[in-house]
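Listed here are the chains, written in short residue letters.
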Amino acid sequence: MPPIYIMAVITLAASTAMWGGLIYALSGRAKRYLWLLLPGLPLSAFVNLLIKKPLIVWVGETANIVPNLGLATPLWFIILLWLVPPITEEAIKLTPLLLPWARQRLYSRAGALWTGTALGVGFGLGEAMFLAYGIAQSAQYTAYPWYAFTGYLGERLIVCFCHGIMTAVVVTGLQQGKWRALTGYLAAMGLHALINVGAVLAQLDVISPTVASVSLMASLVILVIIFERLRRRAAHEQNSQEETAEVVYFRRNPGEDAK
């Protein structure tokens, strides 16, 4: 068995426990959101194999662009490589909402927040598996012991949560309706593009992998701030609804407040 698979199992277990546990705890121990981790699992392989790769290969062949040109790659093609993942992945992560049971909690900010976070984390888990499969196909990595892939572990832990936050931004926008759905998608796409800057520049040998990791951490800080704002707004709305319901109840039952 390729050693990357051992680290992939550890990564999946750690990511599920960490981010699934976070969703469970902050959503009020609502187990229903954990089921939303499942529909996102195959979506990374789907979008990579059936959309992203065919599109990029077709454009590259049409423009007669040779792979692995580095900085000699035309700027417009570099921009294409940079933007295709945010555009396609942020869209594909929403497809489970076509299922009635997946969108049944979208009547509130809190429901949208945790639905989106779970769908994004599920996509991130599937992406970790897809990347592990790709690494396993390369003969140069078969000689490494499984513990040599700690970089994969750390990166996937972070990216998995980032996917959850970005999808939460989109789904929260959808829940608000009208133009907020579009702005939510554009915001998530922009955040996704921001996260990918370091990886693209590292692939072009403009920066080192270490600098790319620092870039990812900086992006994570921004996303966590956004996530906390979404969480606080959702909690405020939920508290307001509970207070309103309590006032209505006592107005209809005036004798209850004296008990």
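Residues numbered from 1 in each chain as written. Predicted model: local features only at pLDDT ≥ 70, side-chain atom pairs only at ≥ 80, totals over all residues. Heavy atoms only, no water.

S.K.: Any chance you could explain the packing of aromatic side chains here in plain terms?
M.R.: What describes a pair of aromatic rings is the distance from one ring centre to the other and the angle between the planes of the rings. A full pass over the atoms with the stated rule returns 8 aromatic pairs. When the centroid spacing of 6.0 Å and the interplanar angle of 40° are considered together, the rings of Tyr 141 and Tyr 144 count as tilted. Judged by centre distance (5.5 Å) and plane angle (70°), the ring pair of Phe 161 and Phe 227 falls under edge-to-face. In this pair, Phe 161 is assigned in helix α5 (residues 150-176) and Phe 227 in helix α7 (residues 209-252), connecting sequence segments 66 residues apart. (Phe/Tyr/Trp six-rings, centres within 6.5 Å; stacked < 30°, edge-to-face > 60°. Helix = DSSP H or I, 4+ residues; strand = E, 2+ residues; numbered from the N terminus.)

S.K.: I keep staring at unusual backbone geometry and nothing clicks. Help me out?
M.R.: Of all residues except glycine, most have a negative phi; of all peptide bonds, most are trans. The phi dihedral of Asn 64 is positive, around 55°, even though this residue is not glycine. Notably, Lys 178 is not glycine yet its phi reads approximately 55°, a positive angle. Mapped onto the elements of the fold, Lys 178 is located in the loop between α5 and α6 (179-203).

S.K.: I would appreciate a short explanation of the side chain of Thr 11 in the present structure.
M.R.: Topologically, Thr 11 is positioned in helix α1 (residues 3-26). Given a relative accessible area of 0%, Thr 11 falls into the buried group. (Buried < 20%, exposed > 50% of the residue type's maximum accessible area, 1.4 Å probe, protein only.)

S.K.: Explain the confidence of the model for the protein chain to me, please; I cannot follow it from the model alone.
M.R.: Do not read the predicted coordinates in detail wherever pLDDT is low. The predicted model of the protein chain has a mean per-residue pLDDT of 91, with 92% of residues at 70 or higher. Below pLDDT 50 for its whole length, residues 245-250 participates in 3 contacts with residues either more than four positions away or in separate chains. (pLDDT = per-residue confidence, 0-100. Contact = heavy atoms within 4.5 Å.)

S.K.: Looking at this structure, I do not really get α6. What am I missing?
M.R.: Think of an α-helix as turning once every 3.6 residues; residues three or four places apart then point the same way. Along its 25 residues, α6 runs 36 Å from first to last C-alpha, staying within 8% of the 36 Å computed at 1.5 Å per residue. All of the buried residues in α6 are Ala 181, Gly 184, Tyr 185, Ala 188, Leu 191, His 192, Ala 193, Ile 195, Asn 196, Gly 198 and Val 200. Once α6 finishes, Asp 205 follows within two positions and takes phi at roughly 65°, a positive value. (Expected span 1.5 Å × (residues − 1).)

S.K.: Help me understand the pattern of salt bridges in this model?
M.R.: Between side chains of opposite charge, pairing is possible as soon as their charged atoms come close. Throughout the structure, instances matching the rule amount to 7 salt bridges. Put simply, Glu 90 and Lys 93 hold a salt bridge, and the shortest N to O gap is 2.9 Å. According to the relative accessible area criterion, Glu 90 is buried, its value standing at 1%. Taking relative accessible area as the criterion, Lys 93 reaches 1% and is therefore assigned buried. Across the pair Arg 156 and Glu 127 runs a salt bridge whose closest N-O atoms are separated by 2.7 Å. Taken together, the residues Arg 156 in helix α5 and Glu 127 in helix α4 (residues 109-136) connect sequence positions 29 residues apart. With respect to burial, Arg 156 and Glu 127 carry one shared label: buried. The network of salt bridges with common partners includes Glu 127, Glu 155 and Arg 156. (Salt bridge = Lys/Arg side-chain N within 4 Å of Asp/Glu carboxyl O.)

S.K.: I tried to follow the packing of α5 against α6 on my own but got confused; where do I start?
M.R.: When two helices pack together, their arrangement is given by the angle between the helix axes and by the axis-to-axis distance. Two elements in contact, α5 and α6, have axes separated by 6 Å at closest approach and are oriented at 165°. Judged on the interaxial angle alone, α6 and α5 are roughly antiparallel. In this structure, α5 meets α6 at a crossing whose hand is right-handed. Contacts between α5 and α6 pair Cys 162, His 163, Met 166, Val 169, Val 170, Gly 173, Leu 174 and Gln 176 from the former with Arg 180, Ala 181, Gly 184, Tyr 185, Ala 187, Ala 188, Leu 191, His 192 and Ile 195 from the latter. Across the contact of α5 with α6, the residue classes break down as 11 nonpolar, 5 polar and 1 charged. (Axes fitted to C-alpha atoms, helices over the stretch in contact; angles between N-to-C directions. Parallel < 35°, antiparallel > 145°, perpendicular 65-115°, else oblique. Left-handed = near helix turned anticlockwise from the far one by under 90°. Nonpolar A, V, L, I, M, F, W, Y, C, P; charged D, E, K, R; others polar.)

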